[in-house]
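Now for the letters of each chain:
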Amino acid sequence: TVNIKINGVDVAAPKGSTILAAARQAHIEIPTLCFLKDINEIGACRICVVEVKGARSLVTSCVYPVNEGMEVWTNTPKVLDSRKKTLQLILSDHDKKCLSCVRSGSCELQKLCAELGVDDEEFYAGEANEYAIDYSAAHMYRDNNKCILCRRCEAVCSKVQVVGVIGANERGFNTNLASAFDMGLAETSCISCGQCIAVCPTGALSEKDHVNEVFAAIADPTKHVVVQTAPSVRAGLGEEFGMPIGTDTEGKMVSALRRLGFDRVFDTDLAADLTIMEEANELLDRVQNGGKLPLITSCSPGWIKFAEFYFPDMLDNLSSCKSPQQMFGATVKTYYAEKMGIDPKDIFVVSCMPCTAKKFEIGRDDQDAAEVPDVDIVLTVRELGRMIKRAGINFSSLPDEQFDNPLGISTGAAVIFGTSGGVMEAALRTAVETLTGEELAKLEFSDVRGLDGIKEAVYNVAGMDVKVAVTSGMSNAKKLLEKVRSGEADYHFIEIMGCPGGCINGGGMPQVSADTRNFTDYRTLRAKVLYDIDNANVIRKSHENPAIKELYDTYFGKPGSHKAHHILHTTYVK
Ligand code: HC0
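Values in this document were obtained by computation on a predicted structure and should not be read as measured data. (Residues numbered from 1 in each chain as written. Predicted model: local features only at pLDDT ≥ 70, side-chain atom pairs only at ≥ 80, totals over all residues.)

Caption draft 1: Examining the domain arrangement of the chain more closely. We note that the domain assignment places domain 1 (2-75), domain 2 (126-204) and domain 3 (212-568) within the chain. Using C-alpha coordinates to define each centre, domain 1 is positioned 42 Å away from domain 3. Facing six residues of domain 1, the contacting portion of domain 3 comprises four residues. (Domains from an automatic or database assignment. Contact = placed C-beta atoms within 7 Å.)

What follows is the structure in C-alpha cells.
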C-alpha cells in the first residue's frame with residue numbers, strides 16, 4: 001500500500017490506484033464526467049481536478065496515480081472554482097432545454113450543476129454550435145446539441161463492442177461525435193446494441209420513444225393489445241423508481257402493466273422455454289446427424305447484426321431459432337389468435353425489453369409468421385418507466401400480481417436467459433435430460449455463470465464430451481470466434497449475447513450513472529435477481545413447463561416440426 005493524506009486524513013491506498021479511487025476509499029466522492037473505469041480513462045473533462053502538494057497545477061484525479069507521502073485536497077476554493085468554470089464552459093455550448101429533456105432528473109451534467117451551484121445563465125455567451133439530429137437508425141437518435149464531448153460513447157463502441165462506428169469529427173470548437181463522413185447511423189455497421197446510450201451522461205443519445213404509440217393502441221377499441229416482458233425487465237424496472245439496484249419487481253411490473261390497460265400481460269419467459277425446446281432439438285440433431293458445429297445461439301439481435309457484418313462466413317453456425325421475443329409474438333398471432341378467435345391483424349403485441357436492438361429486430365425480414373409483424377412495438381425499460389409515471393401509477397406501492405395464462409407460465413430455466421450463461425444453462429438442463437433419459441441430480445451449471453468475458457466447460461453426457469463456451473460483449477465474442485474460425489477451438493455449442501454480461505446490462509436498461517457504474521458491481525446485483533427467481537421456482541426446466549407441453553400437444557406437434565419451423569425459425573442476411 002501507499003500512505004497518503006486526503007483533506008488532512010491519512011489514507012492507505014493500494015499501490016497503483018488513482019487519487020479518485022483512493023479518495024473513494026476514504027469516503028470522499030470526487031465528481032467525474034468523462035471517466036468510465038477500464039473503458040474511458042482519458043482525463044479529458046477536468047471535472048475531477050484536485051490539488052496535490054507540489055504540483056504546478058490542478059491534476060485530474062481519475063488518471064493520476066498515488067505516491068507515497070502525497071498530500072491531496074479535493075474541495076478547496078481553487079478546486080471548486082475550477083470545476084464550476086468547466087461546467088459553465090460546457091453549458092455555453094449546450095442545449096439547455098432541460099424541462100423537456102429525456103434525461104431530466106437522471107442527467108449527470110444537471111446533477112453536477114446542482115451540486116456545484118451552477119445555474120443556466122449565459123456565462124460565456126457567444127457562438128454556439130447547432131447540429132441536426134440523426135434520426136436515421138431504427139432504435140435511437142443522436143442529438144449533438146446535448147453532447148458534452150466526454151467520449152464515453154466512442155470508447156464503449158470501439159473498445160467494448162469493437163464496432164467503432166462513432167468517433168470525433170472536426171477539431172477544436174467544431175469537434176463533434178458522429179459517424180465517419182457524417183453518415184447517418186443507419187448507414188454504418190452499427191449493431192444497435194445501445195451501449196452508447198447506456199453510458200451517455202446527458203440527453204445526447206437516447207432510444208426512439210414509442211410510448212405514445214402504445215398509449216394509442218391501448219385506447220383503440222378495435223385492438224387486442226398484448227404485452228410481453230423480457231426476463232431482465234423485472235430485474236431493472238425498480239431502478240426507474242428509485243429502488244436499489246437488484247430489486248425484484250416482477251409482481252409490481254405485472255400490476256403496473258395491467259393498470260396501464262393491456263388486455264393480456266404475458267411473459268417472454270414462456271418463449272424462452274420454447275426457444276430451449278427448439279434449440280436443444282437443433283443441437284441434438286446437428287450432433288447426431290453431422291450438422292454444422294458449433295451451434296451458436298441466435299436470441300440477441302445485436303449479436304446477430306454483428307455476425308452478419310463481421311462473421312458472414314459463420315452464419316451457418318447460427319441457430320435458426322427466432323429470438324424468444326419474436327417466437328412469442330409469432331405464437332400470439334398464430335396459436336393464441338386461433339384459440340381466441342381473433343384476427344391476427346387486430347392483435348397488437350408490445351414487448352418490454354432491456355434492449356435497443358429489439359427495436360431493430362421487429363423490422364427484420366422473415367419475422368411475420370401470420371403475415372403481419374410478429375411484434376408491433378418494443379419499449380425499453382426506460383420507456384416503460386416513463387409510461388408508468390405518465391399514467392400516474394404509484395409503482396412502489398403496487399401489490400404483486402401474476403401473469404395471465406396461458407402464455408404467462410414459465411420456468412426458472414427461462415428467467416436466467418437474461419444473464420450471460422443463462423441460455424446455455426437452460427439448454428443443458430433440457431439437452432442432458434433428453435440425451436440421458438435421466439433426471440439431473442443438480443440443475444446448476446456454475447462453470448457458465450458469472451461475468452468472465454469467455455467461459456468454457458466440458459460436460460460428459462451419455463458418454464460423450466460436450467464442449468461449450470459462453471461469451472458476451474462483442475470484443476469477447478470476436479476473440480472466441482476467431483479461435484473457432486482458425487480451428488484452434490472446437491466447441492459443440494456457444495452462447496453469445498450482444499451486451500457485456502447479457503441482457504441485464506442491455507442498452508435499454510435503466511442508465512447507471514458513472515459514479516455508481518465505476519464502483520459497484522451492478523451487473524451481478526441484477527443477475528442475482530434472476531438466479532433467485534430460478535431458485536424459488538418449482539419448475540426449473542423448460543421441457544417441464546405445462547404451457548409448453550400444451551403448445552406442442554395441441555399446436556406445434558414436436559420440436560423442429562414443419563409448423564414449428566414455419567412459425568418459430570428464421571434466416572440471416574450475408
Ligand atoms: Fe434478453 Fe431474450 S434474454 S435476448 O437478453 O434469448 O433483450 O432479458 O428478452 O428475445 O427471453 C433481451 C433479456 C430477452 C429474447 C429472452 C433471449
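Caption draft 2: Fine view of the packing of helix H8 (residues 268-288) against helix H10 (residues 324-340). Interhelical geometry of H8 versus H10 gives an angle of 105° and a closest axis separation of 8 Å. Classified by the angle their axes make, H8 and H10 are roughly perpendicular. Of the residues in H10, those touching H8 at Thr268, Leu270, Ala271, Ala272, Leu274 and Thr275 are Pro324, Gln325, Met327, Phe328 and Thr331. The class makeup of the residues in the contact of H8 with H10 is seven nonpolar, four polar and no charged. (Axes fitted to C-alpha atoms, helices over the stretch in contact; angles between N-to-C directions. Helix = DSSP H or I, 4+ residues; strand = E, 2+ residues; numbered from the N terminus. Parallel < 35°, antiparallel > 145°, perpendicular 65-115°, else oblique. Nonpolar A, V, L, I, M, F, W, Y, C, P; charged D, E, K, R; others polar.)

Caption draft 3: Representation of the sheet that holds strand S4 (residues 59-60) within the structure. Spatial strand order, S2-S1-S5-S3-S4: five strands in an open sheet with mixed pairing. Because the sheet does not close on itself, it has two edges, and the strands there are strand S2 (9-13) and S4. Pairing geometry for strand S3 (residues 49-52) and S4, over two bridges, is antiparallel. Each bridged residue has a counterpart across the sheet, and for Val49 the counterpart in S4 is Thr60. Packing against the sheet, helix H2 (residues 77-91) makes contact with S3 and strand S5 (71-73), and its axis sits at approximately 155° to S3. (Pairing = 2+ DSSP bridges.)

Caption draft 4: Geometry of the nonpolar core. Core analysis: the biggest nonpolar cluster contains 161 residues, and Cys153, Cys196 and Ala427 have the highest contact counts within it. It is H8 that contributes the most residues to this core, eight residues altogether. Not counting the four nearest positions on each side in its chain, Cys153 is found in contact with Ile166, Leu177, Cys196, Val199, Cys200 and Leu205. (Core = buried A, V, L, I, M, F, W, Y, C linked by C-beta atoms within 7 Å. Buried ≥ 20, exposed ≤ 12 C-beta atoms within 10 Å, placed from the backbone.)

Caption draft 5: The arrangement of the sheet that holds strand S14 (residues 377-380) in detail. Read across the open sheet, the four strands follow the order S11-S10-S13-S14; overall the sheet is parallel. Lying at the two open borders of the sheet, with one neighbouring strand each, are strand S11 (264-267) and S14. Taken pair by pair, the neighbouring strands of this sheet meet at an average axis angle of 25°, ignoring direction. Pairing of strand S10 (residues 224-229) with S11, which is carried by four bridges, proceeds in the parallel orientation. Counterpart to Thr229 in the pairing with S11 is Asp267. Packing against the sheet, H8 makes contact with S10 and S11, and its axis sits at approximately 40° to S11.

Caption draft 6: Geometry of helix H4 (residues 152-160). With seven of nine residues buried, H4 lies mostly within the body of the structure. For H4, the complete set of buried residues consists of Arg152, Cys153, Glu154, Ala155, Val156, Cys157 and Val160. Those residues of H4 that are buried lie in contact with strand S7 (167-169), strand S8 (176-178), helix H5 (195-199), strand S9 (205-207) and helix H15 (474-486). In the segment just after H4, Val162 is the residue with positive phi, at about 40°.

Caption draft 7: Seen up close, the site of the ligand. Taken together, 21 residues lie around the ligand, and Ala230, Ser232, Cys299, Cys355 and Cys503 are the ones closest in. Secondary structure elements with two or more residues in the shell around the ligand: H8 and H10. Each residue belonging to the shell around the ligand can be placed in one class, and the counts come to twelve nonpolar, eight polar and one charged. (Near = placed C-beta within 6 Å.)

Caption draft 8: Structural context of the pairing of strand S13 (residues 347-353). By the criterion of burial, S13 is predominantly enclosed, with seven of the seven residues buried. A two-sided burial pattern is seen for S13, the buried positions comprising Ile347, Val349, Ser351 and Met353 on one face and Phe348, Val350 and Cys352 on the other. As paired elements, S10 and S13 share six bridges and run parallel to each other. Among the inter-strand pairings, Gln228 is bridged to a residue of S13, identified as Ser351.

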